[in-house]
Amino acid sequence: MQMEYKVTVATGTSEYSGTNNYVYVTLVGERGESEKTVLDNPGLDLCRGAVDDYTVRSPVDLGPLILVRLEKKKYWVEDNWFCRYVKVSVPGERLSYTFPCYRWLVGDGVLVELREGAAKKLSDDTLPVELSHRKAELQERQKIYRWLAWAPGIPKCIDSKTEADLPQDVRFDNEKRSDFVGSLHYALLELSLKKLAIKFGKSWNDLDDFKRIFWKLRSPIAEYTMEHWKEDWFFGFQFLNGSNPRMIKRIDMLPPNFPVCGDMVQPSLMPTTNLKMEFKKGNIFLVDYALMDGIPANVISDQQQHIAAPLCLLYEHPDKGLIPIAIQLEQKPDKDTPIFLPNDPPLAWLLAKMWVRHAEFQVFQLLSHLLRTHLVVEVFCVATMRQLPAVHPVYKLLTPHLRYTLEINCRGRTQLISPDGIFKKVVSTGGDGVLLLAQREYKVLTYRSLQPKFDFLDRGVTKLRDYFYRAHSMMLWGVIQNFVSGIVSLYYKSDSEVEQDTELQGWINNVVMEGFVEVPDFGLASELKRKEELITLISVVIFTSTAQHAATNNGQFDWCAWVPNTPCTMRQPPPTDKDAVTMGLIMDSLPDISQSCLQMAITWHLGRVQPDAVPIGQYVEQYFTEPAALKVIDKFRKELKDVEEQIKAQNEGLDLQYLYLCPSNIENSITI
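The name given to the protein in an unreviewed UniProt entry is Arachidonate 12-lipoxygenase, 12S-type, with the source organism recorded as Triplophysa tibetana. Check the Subcellular location (unreviewed entry) section of the UniProt entry for the protein; it says "Cytoplasm". Annotation of the protein in UniProt includes, under Pathway (unreviewed entry), the sentence "Lipid metabolism."

Shown next, in the form of structure tokens:
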């Protein structure tokens, strides 16, 4: 008896998703295959955004469906096609199957086989066609997604010289690509129209001159920064809630290379206390940029730039909040390395703080942002594509959080930190310093430090007041961990199921023994023995690609647009004589007019809200199809909404709001 199946095919919604090529479909079930059927209705088929219905015939009842086979053949000219999903309704029954795709069919004669949407571990598959499909899919992916040792002491990355060499499935959509290129051009155009960006080597006349680049590129926090950047409380606030909120540590004694004595800082403390007492109370904190010590400074337009490796001592004042009380600009104290204090000549204290903020720019852009989010997550991107088939529950759970990351990282390597990239043109650590700084960071990076609870605990900052980044991070970590636990528990009932999943073990082994092989002290085991370990690891990946990235990326224009607050480079060496600091020295030290324009343009370009942003928890591509999994996702969204409401309530009425970790402001993956 001939069977007629209703087949619904959804084409992508982005530009150029549709095709005029021939597309054929074949249904594969436990009892056989359908006829190979061309998708051809009267009128236009498979247009952008279309959801088309077709009839596919089979001489026999196919039984439970296993696969949908799609094949594209050229018609006149080659025309790629993006398929979102295929749905199949069984005749005479209320049963339907969904086959997630979310892939490009590129080339003449290309063939793609899609598994039915229910997530399955290897042990859940028993039929030869299921097992052979898993194996063939991974074999094909491992040819396409290859590891590359980018540099010694650095995690491996995707083997792709430029973004153009990446597989189409992980490339930006056309709209995203056009916006990415166009937005930087727009920012530079805005500044060049003021005839500023072309003034290489020319210093600003005074600090107020920086206002000339505050034109259309502005934000409320950037303007607040312009008004308050000289104030000590604002300087301290940025260590808690700026673009690099992970450096500050509580200390109970001074490091030997920072010879601050109690009398030096007593004027900054309350009259009823002293430095020794405040150490005991846990109110003294340190930010140490030792990683910067000895890094070779860039040469820009034949002019030597300069780098310092400051130590900054801070005090949690009961009335003023976190304030700086001593700054040393080099790691080795000597007669030419004075300790700067708040009661020093005002310009000397201001320049010392600028040098600390200059170090902040280097660390947050290269280490906190690029290395600790982008490049860490890339390891999981490559391992996931190489080791987990699309039907695997962990693939389905992770892949929405890996969207666009490979392309933006390729662009970062070729356009940002390359020998002729933006860092080389405008940043003091550009050139040889980039790699050396990265290698130093990865020597101290640990898996433990990527887990918020341990990060705050190990830094001794669990009780710091007004640490909004910490409070919001912990809320989001709890929600993400609950979500991951809910999904993982649907597919892994025990520790033994985790341990016996050979695909999962291949994945973690690939992460550690390939991706992080150059980071031997990372501290992540190469096998997963317990379900809780799996939940924590996936939570780390999702947290890093969403909340942590948002915390370091989204505010960079706010904190860097007013260039004196966070200068990208310094053109004079650190001061050695407090009394010799003049406004002329400050202006000659700060970025020149051209460098300032580039700093403003690039931080606006990278920190702005992306027009195609997908907020955390909003899964526009539905990889899970089972009701139980969809219920967990729905609960995740509700909990994120609760977090959003709590954060907005906390910020109500504040002049300086911290909204970077509102879920509506967090992208679901690293896309910029």
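From this point on, the discussion continues.
Before going further, it helps to spend a moment on the domain arrangement of the protein. What the domain assignment lists for the protein is domain 1 (3–116), domain 2 (148–173 + 370–552 + 609–665) and domain 3 (194–366 + 558–604). Contact residues are listed per partner, giving 37 residues for domain 2 and 50 residues for domain 3. For the domain 2 face of the interface with domain 3, the top three residues by lost area are V426, S428 and L656, together amounting to 19%. Applying the counting rule to domain 2 against domain 3 returns 24 residue pairs in polar contact (both at pLDDT 80 or more). Those elements giving two or more residues to the side of domain 2 that touches domain 3 turn out to be α7 (346–387), α10 (422–426), α11 (432–444), α13 (468–491) and α16 (531–553). With eight residues, the top contributor of residues to the side of domain 2 that touches domain 3 is α11. Its residues assigned to classes, the side of domain 2 that touches domain 3 comprises 20 nonpolar, seven polar and ten charged.

On to the UniProt feature "binding site: Ca(2+) 1" (unreviewed entry) in the protein. Annotation from UniProt places "binding site: Ca(2+) 1" (unreviewed entry) at G18, N41 and D79. Mapped onto the elements of the fold, N41 is located in the loop between β4 (37–38) and β5 (51–58). In contact with N41, other than residues within four places in its own chain, are D53 and Y54. Within the element layout of this structure, D79 appears in the loop between β6 (65–73) and β7 (81–89). For D79, a relative accessible area of 23% corresponds to the partly exposed category. Setting aside residues up to four positions removed in sequence, D79 forms contacts with G18, T19, N20, N21 and K72.

Side chains of a nonpolar character, in soluble globular proteins, are inclined to be buried together. Ranked by size, the top nonpolar core spans 164 residues in total, and within it I248, F483, W507 and V511 carry the most contacts. The dominant element in this core, judged by the number of residues it contributes, is α7, at 25 residues. In this structure, this core is formed jointly by two domains, domain 2 (148–173 + 370–552 + 609–665) and domain 3 (194–366 + 558–604), each of which donates at least three residues. The contacts of W507, once residues within four sequence positions are left out, are F380, A383, T384, Q387, L388, L398, L528, L534 and L537. Membership of the second largest hydrophobic core comes to 26 residues, among which are V9, V23, V25 and V68.

The five strands are arranged β12-β13-β16-β17-β18 in an open sheet whose pairing can be described as antiparallel. This sheet does not close on itself; its edge strands, each paired only once, are β12 (249–250) and β18 (339–340). The pairing of strand β17 (residues 321–328) with β18 spans two bridges and is classified as antiparallel. Its bridge partner lying in β18, I327 is registered against F340. Of the strands in this sheet, β13 (284–288), β16 (311–317) and β17 are in contact with helix α4 (residues 232–241), which crosses β17 at around 95°. The strands that α7 touches are β16, β17 and β18; relative to β17, the one it contacts most, it runs at about 95°.

Rules behind the numbers
Counting of residues starts from 1 at the beginning of each chain's written sequence and follows it residue by residue. Since the coordinates come from a predicted model, pLDDT governs what is reported: local features require at least 70, and pairs of side-chain atoms require 80 or more to be given and counted, while whole-chain, interface and lining totals use all residues. Excluding hydrogens and water, the side-chain figures rest on all heavy atoms present in the structure. UniProt positions are given in the numbering used here, feature names are shortened, and annotations may be inferred rather than shown by experiment. Residue ranges assigned to each domain were obtained from an automatic or database domain assignment. The contact criterion used is simple: two residues touch if any of their non-hydrogen atoms lie within 4.5 Å. Two parts placed together each lose some accessible area; with a 1.4 Å probe, that loss summed over both constitutes the buried area. Any pair of N or O atoms that falls within 3.5 Å is considered a polar contact. Within protein, one atom must be able to donate a hydrogen and the other to accept it, and sequence-neighbouring residues count only if both atoms are side-chain atoms. Strands here mean DSSP runs of E at least two residues long; helices mean DSSP runs of H or I at least four residues long; both are numbered from the N terminus. All residues other than Ala, Val, Leu, Ile, Met, Phe, Trp, Tyr, Cys, Pro, Asp, Glu, Lys and Arg, Gly among them, are scored as polar; the first ten of these are nonpolar and the last four charged. For every residue, the accessible area obtained with a 1.4 Å probe (protein chains only) is divided by the maximum for its type, and the residue is called buried under 20%, exposed over 50%, and partly exposed between those limits. Each nonpolar core is a collection of buried residues, namely Ala, Val, Leu, Ile, Met, Phe, Trp, Tyr and Cys, held together in the definition by side-chain atoms within 4.5 Å. DSSP bridges decide pairing: two strands pair if at least two such bridges lie between them. Only the contacting stretch of a helix is used when fitting its axis, a line to C-alpha atoms as for every element, and angles between N-to-C directions run 0 to 180 degrees.

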